[in-house]
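Structural overview for review
Residue strings, one per chain:
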Amino acid sequence: MNREDLTAQIKETADIVQIIGEQVELRKSGARFLGLCPFHGERTPSFTVHPSNQFFYCFGCGASGDVFSFMMQYHNIDFPEAVKRLAQKYNIAVPERKMSQREFEQQELKKLMYSVNKKSGDLFRDYLVKSPQAQQARQYLAERQIPESVCEQFGLGYAPATEDVGWNFLGSRLQKEEIQVAVEIGLLSKKEKGGTYDRFRDRILFPIHDISGQVCGFTGRIIGEGQPKYMNSPESPVYDKSRSLLGLYQLKDGIRKKDQVILVEGNFDLISLVVHGFDNVVAPLGTSLTRPQLRLLKRFANEAVLLFDGDQAGTKAAKRAVPLFLAEQVSGKVALLPAGHDPDTYVKEFGRASLQKLIDSAQDLSEFLLQNLIDEHGISLEGKTKIVEELQPVIGAAASSLQRSVIIGHFAEKLNVPVEELERLPGPPIDDRIPVEIQHNTESRQRKMHAVAPLTPPQKRLISFMVLYPDRLGILTNAGLREVISGSLGEVLFLQLTRLRQERDMVEPEDLLSVLPEGPERKLVSDILLSASAGEGGSDKIEEADCLSYLQRSILIRESDRVMQEIIAAQHDNDFEKLQNSLMRKQELDKKIRALGTANIDN
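So, here's what we can say about the structure. (Residues numbered from 1 in each chain as written. Predicted model: local features only at pLDDT ≥ 70, side-chain atom pairs only at ≥ 80, totals over all residues. Heavy atoms only, no water.)

1. Things to note about the packing of aromatic side chains
In this structure the tally under the stated criterion is 17 aromatic pairs. Arranged with centres 6.0 Å apart and planes meeting at 85°, the rings of phenylalanine 124 and phenylalanine 218 form a pair that is edge-to-face. Taken as a pair, phenylalanine 124 in helix H5 (residues 101–130) and phenylalanine 218 in strand E10 (residues 215–222) lie far apart in primary sequence, 94 residues in all. Each member of the pair, phenylalanine 124 as well as phenylalanine 218, is classed as buried. Through a chain of ring-to-ring contacts, three or more aromatic side chains come together here, namely Phe39, Phe47, Phe56, Phe70 and Tyr74. Above the face of the tyrosine 74 ring, arginine 256 is positioned so that its terminal group lies 4.8 Å from the ring centre. The ring of phenylalanine 278 has arginine 352 sitting right over it, with the charged end atom 4.5 Å from the ring centre. (Phe/Tyr/Trp six-rings, centres within 6.5 Å; stacked < 30°, edge-to-face > 60°. Helix = DSSP H or I, 4+ residues; strand = E, 2+ residues; numbered from the N terminus. Buried < 20%, exposed > 50% of the residue type's maximum accessible area, 1.4 Å probe, protein only. Lys NZ or Arg CZ within 6 Å of the ring centre and 35° of its normal.)

2. As for unusual backbone geometry
In this chain, glutamine 227 is followed by proline 228 through a cis amide linkage whose omega measures -5°. Structurally, proline 228 can be placed in the loop between E10 and strand E11 (230–232). Phi at aspartate 202 takes a positive value of approximately 50°, unusual for a residue other than glycine. By the secondary structure assignment, aspartate 202 is in the loop between strand E8 (196–198) and strand E9 (203–209). Note on aspartate 202: relative accessible area 17%, which makes it buried. For aspartate 259, which is not a glycine, the phi torsion comes out positive at approximately 55°. Aspartate 259 gets classed as buried once you look at its relative accessible area, which sits at 18%.

3. Thoughts on the packing of helix H20 (residues 457–468) against helix H26 (residues 544–573)
The N-to-C vectors of H20 and H26 enclose an angle of 130°; their axes lie 11 Å apart at closest approach. When the axes of H20 and H26 are compared, the pair comes out oblique. The crossing of H20 and H26 is left-handed. Taken together, the residues of H26 that come into contact with H20 (itself represented by Pro458, Leu462 and Phe465) are Glu544, Cys547, Tyr550 and Leu551. Tallied by class, the residues present in the contact of H20 with H26 amount to six nonpolar, no polar and one charged. (Axes fitted to C-alpha atoms, helices over the stretch in contact; angles between N-to-C directions. Parallel < 35°, antiparallel > 145°, perpendicular 65-115°, else oblique. Left-handed = near helix turned anticlockwise from the far one by under 90°. Contact = heavy atoms within 4.5 Å. Nonpolar A, V, L, I, M, F, W, Y, C, P; charged D, E, K, R; others polar.)

4. Comments concerning the sheet that holds E11
A sheet is described by the order of its strands in space; here four strands give the open sequence E6-E9-E10-E11, paired in antiparallel fashion. Since the sheet does not close on itself, it has two edges, and those belong to strand E6 (157–159) and E11, each with one partner. Averaged over all neighbouring strand pairs, the angle between strand axes comes to 30°, with direction disregarded. When E6 meets E9, the two strands line up antiparallel, connected through three bridges. Bridge pairing in E9 places alanine 159 opposite arginine 203. (Pairing = 2+ DSSP bridges.)

5. What about helix H9 (residues 176–184)?
Among the residues of H9, those classed as buried are Glu178, Val181 and Ala182. Relative to the axis of H9, the buried residues are bounded by an arc of 105° and lie together on one face. On the buried face of H9, the contacting elements are H5 and strand E7 (188–190). The first or second residue beyond H9 is glycine 186, which carries a positive phi of 85°. (Arc of directions from axis to C-beta.)

It is worth stressing that arrangement in space is one thing and function is another; only the former is reported here.
Next comes the structure, spelled out in structure tokens:
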């Protein structure tokens, strides 16, 4: 079986509703399923799963794809791994490609490197928790207000001091084959006369996890005085510091839910923020922020906030990051702390709420850069010349000609210089990003349709009016349209129309038809448009006032039903006061319902 046949078989067998439903709470809505998008924070469901076509789509953030795409985006794995996991789930045999001897050896070496890192991490962790000689390390963590639960969450350990265990604590606990690997990944160092000694000594150790959760390296903070204060694992076949972020593995779900990531510079800055309730923080590892790191982060969040010290180094780091954010098309902001503070000291002194307020008021990175340059050079002729020169790498980092034009226009207006002057600056560099395009068999296959609840006549009339008069969508929305058509074919049409109106100044009914895939929703819209063009009545005879009246009455009836449930519960609980209040509320609602009568749309 070749790869194309294998992916086709998996798509034919896998149930996308089941796969996504294991991670997202879905509810039936006509021929689709709806839920809260797992790829961006939202309170109202706009994430749809289409069982007949086997794909998903979010009307909020635009995420879309098939069952393979979902596995890759949600679990942050590559295409081969997604194929492997789905094949295992549905007991489909995956033919193994025969590896060369070199490929096999490299694969086995990586496995052993991960294994030695994990074993070492467990030894360091166990020593921190249990050894009497680690009391100083435990005391250090207690003084920094790091509870045991957070130490456990991040797997913190302790590499003991030489005066307590000698120079070969780790090496004496590894097998011969493991010792050689430990040297290669920087856990041990070779002696000139043979043998090895521990590279990490008297340090609190933070295991560095890759996105799949495997320990790929360590970063250690010395206890007390000494240099270097921080020491990281050297780069190896399993660890690339420019593509790794401390905390991302543990906090990726919080980052995804908030659709925002906070970037701090220090290990204990990150840990301290977690202790104070922030679950969307990461830290680079002894390096400035890189494009691969941003590329990794934008899989989880659309916005990143740089929370840096307010000194010259922090300002410089924020300015240096601007081109990277533009190149990766990530929304970047910066929040600089008051002089003398880092995130750790600030949150301890002023508390979580104060720090959150600072983050919420973070300044757009590009605006921060421009204002910083104006403050530095002034707006004289000579100052503007220097500013334009320093803006060159920013403009050159634009990811597209459209983004470049927008940046140039904005900076030109702010500086009051001709657009032509900025347009002469070099264009965007060649984009070195790897396209995330997965080619596989897209041949459509017949699938069993999920049962679709029929539309009631009033629902169909409401949906027809919505489709034929998209400019009135806002008024219908405010009147409770989505609640009334929830669970019907119309709910997905409502979401699609809402998105179209956000993207375009004017939306025609035919625009909706052009963006819908084949399926029940598209057929419904087609039937509505055909009926309208044939003059068969229906929606053209229904006035907006009729729709609003029906919606108002429907919302009141739903509220009355809800209050009735309260009455039943109050009776069951013998809660007389609640019963009286609920009865009065129901009488008021029923009176309003009777006053409205029936609308023409009911007929």
